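# Remarks on the overall topology
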Amino acid sequence: STFDFADKGSAVISLFSNSISGGIISAERPLDIIEEYTKYSGRMKPLSDWSQNGAVIGMQGGTKKVGAIVDSLINHDVPISAVWLQDWVGQRITSFGKQLWWNWELDSDHYPSWDSLVTSLHDRNIKVLTYVNPFLTDASDKSNHQINYYDIAMDSSYFVMDSLGKPYDLDITTFSASLLDLTNPNAREWIKKIIVENMLSLGVDGWMADFGEALPYYSHLYSGDMGNKIHNQFPEIWSNLNKEIVESSNRSEDMIYFCRSGFTRSPGLTSLFWLGDQLTSWDGDDGIKTALTGLISSGLSGYSLNHSDIGGYTAIKSPILNYIRSKELFMRWAELNAFTAFFRTHEGNRPDDNHQAYSDSETMDHFSKMANIFSSLEFYRNKLMQEAFEKGYPLVRHPFIHYPNDENILKLSRQFMLGSDLMICPLLDEEENNVDCYLPKGEWNH
């Protein structure tokens, strides 16, 4: 659906359907509108305590590298709440960069002595997070795979199909993958069992539940529906599957899964969101500035707990385009994310080219400062998360929410509020050291 409010006298709604149903909410304050709307969309529960007391460090590279980076960051007084090891399934090198084998089993060559690694991290009060998505890729070219789950799914007709009754393969950079048909109860229970037996059994404390938005419009599903009918609902189905896994684990108060896809009722089905794969750039089309835009706009739609990859994700290195994360960009992004719900780094698709949290001492010292600012606000975010659960209010807010009658507020796109008490004016431009900050009427302390 597209809502066009350009004409002050009317609103135009365009949609890919023959019918529309909905409701109109009327209230005195923006907060009241959000509260009323989230009765429908669902509300997000407060995150586990551990997620609020330090940085979540995204790493790839195997057991030895993880240990060395953790030691280095701790030596620079970085509070670490968790490590996020998305490459637990092994890495594959593509023209896009370093990507993963979407065959959901531990790569014990890449992570030898996994159990010892997890135990040592847990002994230091550091949680371990991993990665999963609803795709499978043919692992026949992966020399050390134990089971090729793609073959099993193929033989069982567990994939989303095309009009010819064949799996609807999708190109993922330079490799293809097939999407599991989550409208098939057997496929649904099968992938849940794999995630529990192959991932949760490794002692993990949470994961990124990636994708969910890629159901092809003209695909055919087990339910008898076409993809165009279920496309928007598919993210909710995927989020709910992960929710069921957590609830059946008896660790619902401790585990976190974070998603990038969503639809109307996703907030009630998801523990945390993130904003997808921004470019490692300063621009306002897909760079750091859009991370702020996404935080503000999603919060108005019930996505009260959201965050972005510190430094962005998508790096491009070619003769035509060159987007590689700089030291300055990483440091500015860390400043921005210190005032969000979750403080997590991502090495990006080109880890060896991008500047990282651990690249040099100056970066680690700056990152330590931002991580400690994030940790120091734990008491405040806990209050806001309870408010989000009870009323649907977002943590990150456009100042309009609290100052709807201030016309100057409506012009702002580069500053935000954390709750009702903090006004944050991040610096989002390269090689700049000053930023304008508008303060509405009231008593403000720097």
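Above this text sits the structure in question.
The structure reproduced in this document is the subject of the present report. Every value quoted in this text rests on a predicted model; they were computed, and no experiment measured them.

Reading the values: rules and limits
Residues numbered from 1 in each chain as written. Predicted model: local features only at pLDDT ≥ 70, side-chain atom pairs only at ≥ 80, totals over all residues. Heavy atoms only, no water. Helix = DSSP H or I, 4+ residues; strand = E, 2+ residues; numbered from the N terminus. Rg over C-alpha atoms; globule rule 2.2 N^0.38 Å. Buried < 20%, exposed > 50% of the residue type's maximum accessible area, 1.4 Å probe, protein only. Contact = heavy atoms within 4.5 Å. Patch = residues over 30% accessible without salt bridge, like charges linked within 9 Å, V, L, I, M, F, W, Y side chains within 5 Å. Areas by Shrake-Rupley, 256 points an atom, 1.4 Å probe, with all protein chains shown as cover. Salt bridge = Lys/Arg side-chain N within 4 Å of Asp/Glu carboxyl O. Lys, Arg positive; Asp, Glu negative; His and termini not counted. Charge placed at Lys NZ, Arg CZ, Asp CG, Glu CD. Disulfide = S-S within 2.5 Å. Pairing = 2+ DSSP bridges. Polar contact = N/O pair within 3.5 Å; in protein donor to acceptor, adjacent residues only side chain to side chain.

## Details of the overall build of the chain
Counting secondary structure elements, the chain contains 11 helices and 18 strands. Scaling as 2.2 N^0.38, a compact globule of 446 residues should have a C-alpha radius of gyration of about 22 Å, and the chain matches this with 22 Å. Viewed in the frame of its principal axes, the chain has a C-alpha envelope of about 65 × 60 × 50 Å. Looking at the chain residue by residue over its 446 residues, the buried ones come to 53%. Restricting the contact set of the chain to residue pairs at least 6 apart, pairs at least 24 apart contribute 70%.

## Observations regarding a negative patch on the surface
Taken together, the side chains of Asp138, Asp141, Asp151 and Asp155 present a region of like negative charge at the surface. With respect to the element layout, Asp155 can be found in helix H4 (residues 149-155). We classify Asp155 as exposed; its relative accessible area is 69%.

## Let's talk about the state of the cysteines
The full count for this structure, using the stated rule, is 1 disulfide. Two residues share a disulfide in this structure: Cys425 and Cys437, whose sulfurs sit 1.9 Å from each other. The sign of the 50° torsion about the S-S bond sets the Cys425-Cys437 disulfide as right-handed. A residue pair is termed long-range when its members are at least 10 positions apart, and Cys425 in the segment after strand E18 (422-424) and Cys437 in the segment after E18 qualify at 12 residues.

## Considerations on a nonpolar patch on the surface
A grouping of Phe3, Phe5, Ile13, Leu15 and Ile20 is seen on the molecular surface, where their side chains present a nonpolar patch of about 500 Å² in accessible area. Positionally, Phe3 belongs in strand E1 (residues 2-4).

## Some words on the sheet that holds strand E16 (residues 396-397)
With respect to topology, 3 strands assemble into an open sheet ordered E16-E17-E18, the strand pairing being antiparallel. With one partner strand each, in any of the chains shown, E16 and E18 form the two edges of the open sheet.

## Structural notes on the environment of Asp309
Its location among the elements puts Asp309 in the loop between helix H8 (288-299) and strand E14 (316-317). We classify Asp309 as buried; its relative accessible area is 0%. Between the alpha carbons of Asp309 and Tyr403 there is a distance of 29 Å; along the sequence they are 94 residues apart. Filtering out sequence-adjacent residues up to four positions away, Asp309 remains in contact with Trp274, Gly276, Asp277, Trp333, Asn337, Arg344 and His346. Among the polar contacts made by the side chain of Asp309, one reaches the side chain of Arg344 at a distance of 2.5 Å.

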